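Residues per chain are reported as follows:
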Amino acid sequence: MLKIKNLHAYYGRIKALDNVSLHVRAGEIVCLIGANGAGKTTILNTISGLIPRAQGDIFLKEIKINGLPPEKVVAAGISQVPEGRQIFGPLTVLENLELGAYLRFKKKEKEPIQKDLEWVFELFPRLQERVKQIAGTLSGGEQQMLAIGRALMARPKLLLLDEPSMGLAPLVVKDIMNTVSALRDSGVTILMVEQNARASLKISDRGYVLETGRIVLQGSSDDLLNDNDVKRAYLGKDYKTFWEGRDLA
Amino acid sequence: MRFWNGDNEQMDRTDLEQLQLEGLQSTLNRAYKNVPFYREQFDSLGLHPSVIASVEDIARLPFTTRVDLGDNYPYGLFAVPLRDIVRISSSAGTTVKPVVVGYTKSDLKARYTLTARFLTAGGVVDTDVVQICLNPGLSNWGRALKEGAENIGASVMPMSHMSTWKQLMAMQDYRTSVLLTTPSYAMHILGAMKSMDMESHSLALKAILVVGEVLTEDSRHVLESAFHVDVTSGYGPSDVMGPGIAFECHEKKGLHVSEDHFVVEIVRPENGEPLPPGEIGEVVLTTLTARAFPLIRFRTGDLACAMEESCPCGRSLARMSQITGRTGEVLTIRGVKVHPVQIERILKGAREDKSPRFLLHLYKENYLDMVEIWLQMGDNIFSDEVKMVENTLRRLRQRIFQTLGLDVTIKLMEPSTLDQYAVPTGGVIDDR
């Protein structure tokens, strides 16, 4: 579905991504884990065209999409759910969702949009209950659902999820993760960035570990959950001193 | 058609290339970060892992040799802290120091997969009785094969020190269906059966899988027609890696490389230049998944060529030919890698002899590799008492067995006899 080769990205003169290659197969949930500033969000932003100064190749189903402006990337089939939700606070839930289908609205796909709206409400019954409510007054978890719902309204082949659990209570995190899992079951392919490595690895098929803009490890989620390096660095386990003082920095 | 993990063995080539690129880049990032040897090698050439934009770019990286392994004895090339290592396996190596290879839990898991692939391709299934007959020098492989066969669910008889006669008895009475051994030991068993007037139909064998040595088409043919079985082979350098790096399928036309775990290159031995398919050169291996012991462009010393055509078996994994020989001085004796210097060192140590003069005579007896050390007679070994001389020779033989896992005989020679062979000391007379 998605193939990235040798991605290099810069913020000014600072190199944020250094030769990153990764892939996502259709129907998979793949997660990117790593510390703050490792480059996880940069990867998503580069895919969605928000960081134009990037070198490397990004293919969506064998079609090269790097260098495309964000709206063309959305049209090609990739929607991003940004970090911190970024919903339109003063608008209603319904208006937010309709904006997600903006590109299709212009193409006059009225009926399919209505169908997708129903699909989103099926996934998130809570949103249907609050369809007329002002989005800014929703709870954190509901706002996250709305952000995901809005992205789905563009009928993406690939959904990019940036920190869906951020700032949410543990129970709500579980809810959101279950929803992400259900989304995959309904046929959406997902690339997810998460600080909460354990929660995201539990629902994903594979993962990549990023360190200072480089991928240092990849594998099935089971393998990563059981990996000593990952446990030490990201799952908060086993902090004792390392052999001969060699550390992982 | 049988596969152990068909998804990877039949993967689309462009997907496989992506997988290799990702594996290579992250392996280099880890090696550069965690192994000072690799970092220094890269830095001295002004290279950084980020220059690798395709699998072909691997040719820009420096080689790793057996000398590098010896120099970094014991843990210098480990890329994880020792506490993450669950197995330390050591082999004699070909320099002063043994070669020490570490495995993490995930490395062992990968090794089970690789050996299981080789065994499955050779026809092993969960209902088989698998008998492993390897010499002690290949005990690391014996373990890997045992684990692979157990992983498949077969009933496994691990390697033991039984005599050939006992092995044959077990093979007959336990209804062994798969024999895992070296080509020469398989031939040796065949010879033993003939001398015992034992018929092959008294055995339940259905397949023989061989490792460690070159399987020639002649011996394959002899074994297949004598035992009425399929004979397939697996490949790996016995001192540093497992036996399933590459393996034959039932087509028996070359070895499929487990490319999802390794990159194989064939290079010209003299200058390291890459060679096109069909041309014989040295096999160079790079690990893509190893955590504890990543190897970057390791020069195996084995000669083979890459094959281009795809295989009718359905595996998309590329193939290489059978090993056709060795570069340089490292010998393969009963599957064990031996450098003449190792024997010289033992002779020096045991006899307080600064410069022992000796030749290695290799020959076949009952299809088995035999080693005879022709040692020049000298004052320090000569004694009036025959017993004393015998004791010295026995001690030397023991030392060699303990270090290399090889049984040798030692013959004392007059200097004039050795002179007849225009070979410098430590030279090899290979009559195999």
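Conventions we followed
Residues numbered from 1 in each chain as written. Chains lettered and ligands numbered in written order. Predicted model: local features only at pLDDT ≥ 70, side-chain atom pairs only at ≥ 80, totals over all residues. Helix = DSSP H or I, 4+ residues; strand = E, 2+ residues; numbered from the N terminus. Rg over C-alpha atoms; globule rule 2.2 N^0.38 Å. Buried ≥ 20, exposed ≤ 12 C-beta atoms within 10 Å, placed from the backbone. Contact = placed C-beta atoms within 7 Å. Pairing = 2+ DSSP bridges. pLDDT = per-residue confidence, 0-100. Core = buried A, V, L, I, M, F, W, Y, C linked by C-beta atoms within 7 Å. Domains from an automatic or database assignment. Nonpolar A, V, L, I, M, F, W, Y, C, P; charged D, E, K, R; others polar. Axes fitted to C-alpha atoms, helices over the stretch in contact; angles between N-to-C directions. Expected span 1.5 Å × (residues − 1). Parallel < 35°, antiparallel > 145°, perpendicular 65-115°, else oblique. Left-handed = near helix turned anticlockwise from the far one by under 90°.

**Student:** Describe in detail the overall build of chain A, supporting the description with residues and values.
**Tutor:** Helix and strand counts for chain A stand at 11 helices and 10 strands. The C-alpha atoms of chain A give a radius of gyration of 18 Å, which matches the 18 Å a tight globule of 249 residues would have. Expressed as a percentage of its 249 residues, the buried residues of chain A come to 48%. Here the analysis covers contacts within chain A between residues at least 6 apart in sequence; of these, 64% occur between residues at least 24 apart.

**Student:** Could you give an account of the overall build of chain B, naming the residues involved and the relevant values?
**Tutor:** Within chain B one finds 12 helices and 21 strands. The C-alpha radius of gyration computed for chain B amounts to 22 Å, which stays within 12% of the reference 22 Å derived for 432 residues, consistent with globular compactness. When the backbone C-alpha atoms are referred to their principal axes, chain B occupies close to 70 × 60 × 45 Å. When burial is assessed residue by residue, chain B has 48% of its 432 residues classed as buried. Across chain B, contacts joining residues at least 24 apart in sequence account for 68% of those joining residues at least 6 apart.

**Student:** Tell me about the sheet that holds strand β12 (residues 298-304) of chain B, and please be specific about residues and values.
**Tutor:** Whether parallel or antiparallel, the strands of a sheet pair through hydrogen bonds between backbone atoms. All names here are of chain B. Strand order across the open sheet formed by 4 strands is β10-β11-β12-β15, with antiparallel pairing between neighbours. Of all the strands in the sheet, just β10 (262-267) and β15 (325-326) have a single pairing partner and so form its edges. Inspection of the sheet shows β12 paired to β15 by 2 bridges, in the antiparallel sense. By the bridge assignment, Leu-303 is partnered in β15 with Gly-325.

**Student:** Talk me through the confidence of the model for chain B; I want residue IDs and the actual numbers.
**Tutor:** When pLDDT is averaged along chain B, the result is 88, and 95% of the positions lie at 70 or above. In the predicted assembly, ipTM is 0.90 and pTM is 0.85.

**Student:** Outline the pairing of strand β10 (residues 214-220) of chain A, supporting the account with residue identities and numerical values.
**Tutor:** Two faces, one strand: in a regular strand the side chains alternate between the faces of the sheet. Residue and element names in this part refer to chain A. By the criterion of burial, β10 is predominantly enclosed, with 6 of the 7 residues buried. Taken together, the 6 bridges between strand β9 (residues 206-211) and β10 define a ladder with antiparallel strand orientation. When the bridges of β10 are listed, Glu-211 appears paired with Arg-214. Following β9, the chain reverses through 2 residues before pairing antiparallel with β10; Thr-212 in that reversal takes a positive phi of roughly 40°.

**Student:** Describe in detail the nonpolar core, supporting the description with residues and values.
**Tutor:** All names here are of chain B. Counting 114 residues, the largest nonpolar core has Val-130, Ile-132, Ile-208 and Val-257 as the members making the most contacts within it. Per-element tally for this core: the top contributor is helix α5 (residues 105-121), with 6 residues. Here this core gathers at least three residues from each of two domains, domain 1 (71-328) and domain 2 (339-430).

**Student:** Any chance you could break down the interface of chain B and chain A for me, citing the residues and the numbers?
**Tutor:** Contact residues are listed per partner, giving 15 residues for chain B and 19 residues for chain A. Top contributing element to the side of chain B that touches chain A by residue count: helix α2 (residues 13-34) of chain B, with 8 residues. Grouping the amino acids of the side of chain B that touches chain A by side-chain chemistry returns 4 nonpolar, 6 polar and 5 charged.

**Student:** Mind laying out the sheet that holds strand β8 (residues 189-193) of chain A, listing which residues take part and the relevant values?
**Tutor:** Residues and elements named next belong to chain A. Read across the sheet, 6 strands follow the order β6-β7-β8-β3-β9-β10 without closing on themselves; strand pairing throughout is mixed. Edge strands, defined here as strands with exactly one partner in the open sheet, are β6 (78-81) and β10. Across the sheet, the mean angle from the axis of one strand to that of its neighbour is 15°, orientation sign disregarded. Across 4 bridges, β6 lies against strand β7 (residues 158-162) in parallel orientation. For Ile-78, the partnering residue across the bridge sits in β7 and is Leu-158. Running at roughly 165° to β6, helix α7 (residues 140-152) makes contact with β6 and β7 of the sheet.

**Student:** Please give an account of the domain arrangement of chain B that cites residues and values.
**Tutor:** Residues and elements named next belong to chain B. If you check the domain split of chain B, you get domain 1 (71-328) and domain 2 (339-430). Here the C-alpha centroids of domain 1 and domain 2 sit 30 Å apart. Of the residues lining the interface, 11 residues belong to domain 1; the matching set on domain 2 comes to 11 residues.

**Student:** Break down α5(B) for me, with residues and values.
**Tutor:** Residue and element names in this part refer to chain B. For α5, with 17 residues, the first-to-last C-alpha span of 25 Å sits near the 24 Å given by 1.5 Å per residue. Counting buried positions over the 17 residues of α5 gives 13, a clear majority of the element. Just downstream of α5, Gly-123 is the residue with a positive phi angle, here 105°.

**Student:** Explain the environment of A:Lys110 to me, using residue names and the numbers behind them.
**Tutor:** All names here are of chain A. In this structure, Lys-110 sits in helix α5 (residues 110-123). Given 11 C-beta atoms within 10 Å, Lys-110 falls into the exposed group. Remark: the alpha-carbon pair of Lys-110 and Gly-12, spanning 98 residues in sequence, is separated by 42 Å.

**Student:** Just give me the short version of unusual backbone geometry, but keep the residues and values in it.
**Tutor:** Along the chain, B:Tyr73 connects to B:Pro74 via a cis peptide bond; the corresponding omega equals -10°. With respect to the element layout, B:Pro74 can be found in the loop between α4 (66-71) and β1 (85-91).

**Student:** Kindly report on the packing of α7(A) against helix α8 (residues 170-185) of chain A, identifying the contributing residues and their values.
**Tutor:** Residue and element names in this part refer to chain A. Between α7 and α8, the least distance of the axes is 10 Å, while the angle of their chain directions is 15°. Comparing their axes, α8 and α7 come out roughly parallel. For the pair α7 and α8, the sense of crossing is right-handed. Of α8, the residues touching α7 (which contributes Gly-140, Gly-141, Gln-144 and Met-145) are Val-172, Asp-175, Ile-176 and Thr-179. For the contact of α7 with α8, the class distribution of residues is 3 nonpolar, 4 polar and 1 charged.

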